[in-house]
Amino acid sequence: TAVVNLYNGATISRQAVAYADSGSYVARVLKGTAGATLVFMMYPIPWAPNSPISVRFKVRLAPGTTSTNTISPSIQGYQGGSGVGAATGCTVQNPSSLSASSWSDVIIQGCTTPNATMNNIGVMIQPGQSWLSTDGVEVDSLMIVDKSTVGNFGYGDSTDWVWNGTANASTSTGPAQ
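Now for a quick tour of the structure. (Residues numbered from 1 in each chain as written. Predicted model: local features only at pLDDT ≥ 70, side-chain atom pairs only at ≥ 80, totals over all residues. Heavy atoms only, no water.)

Counting buried positions over the eight residues of strand β10 (residues 120-127) gives seven, a clear majority of the element. With eight bridges connecting them, strand β6 (residues 71-79) and β10 associate as antiparallel partners. Across the sheet, the residue bridging to Pro-73 is Ile-125, located in β10. (Buried < 20%, exposed > 50% of the residue type's maximum accessible area, 1.4 Å probe, protein only. Helix = DSSP H or I, 4+ residues; strand = E, 2+ residues; numbered from the N terminus. Pairing = 2+ DSSP bridges.)

Encoded structure:
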């Protein structure tokens, strides 16, 4: 299960961790106070130093967002709650503009993890402009792989994938597509 941390007074509602284009979302983050902030989703996944990592997810603006329609995503490594650095060498495929009416794909691949022991992987989403108190994003279909490229999204109901707990209410494990 994902641990989702928020900064600068943001609030969150979270649904199941593994939905695939279900019309639902993994996390909805609404900014609680005006000003710059970031969305940070931490996953309890140990990762070897200097190893490949790639991420794919869908994102859209939360209803009512008016001040920003761009984001800057990244991958971070953490050990014991402390940051050990960002993944390097990444190629980021990021939408030039977001909307609340449709999902956009974000792909971060070709990355190498920091040269440090890590027990958590963080996916950060920083807004292109300062968020107002009613602004936010929704994230869905997140997949983290230990490869330099990331394929199509897979989840517990996909071929050769399994649910790690209750179907549609837990994480999934399977081959990178």
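Positive phi values are uncommon outside glycine, yet Asn-50 reaches one of about 55°. Despite not being glycine, Asp-160 has its phi angle at roughly 65°, a positive value. With respect to the helices, strands and loops of the structure, Asp-160 is situated in the loop between β11 (136-145) and β12 (162-163). Owing to a relative accessible area of 64%, Asp-160 belongs among the exposed residues under this scheme.

Turning our attention to the pattern of salt bridges. Enumeration according to the criterion identifies two salt bridges in this entry. Glu-138 is the salt-bridge partner of Arg-60, the closest N and O atoms lying 2.5 Å from each other. Placement of the pair is Arg-60 in strand β5 (residues 52-61) and Glu-138 in strand β11, with a sequence separation of 78 residues. Relative accessible area serves as the criterion here: at 1%, Glu-138 is assigned to the buried category. (Salt bridge = Lys/Arg side-chain N within 4 Å of Asp/Glu carboxyl O.)

A few words now on the state of the cysteines. Scanning all chains against the criterion turns up one disulfide. One disulfide in the model links Cys-90 with Cys-111; its S-S distance is 2.2 Å. Looking along the S-S bond of the Cys-90-Cys-111 disulfide, the torsion reads about 135°, which is the right-handed sense. Of this pair, Cys-90 sits in the loop between β7 (82-86) and β8 (91-93) while Cys-111 sits in strand β9 (residues 104-112), placing them 21 residues apart in sequence. Overall, Cys-111 belongs to the buried group, its relative accessible area being 1%. (Disulfide = S-S within 2.5 Å.)

One finds Ile-53, Phe-57, Val-59, Ile-75 and Ile-144 to be the most contacted residues of the largest nonpolar core, which totals 23 residues. Elements with a minimum of two residues in this core: β5, β6, β9, β10 and β11. When residues of this core are assigned to their parent elements, the largest contribution, five residues, is made by β5. Beyond its immediate stretch of four places on either side in the chain, Val-59 contacts Ile-71, Leu-98, Ser-102, Trp-103, Ser-104, Val-106, Val-137, Glu-138 and Val-139. Formed by five residues, the second largest nonpolar core is a distinct cluster that contains Ile-107, Val-145, Val-150 and Trp-161. (Core = buried A, V, L, I, M, F, W, Y, C linked by side-chain atoms within 4.5 Å. Contact = heavy atoms within 4.5 Å.)

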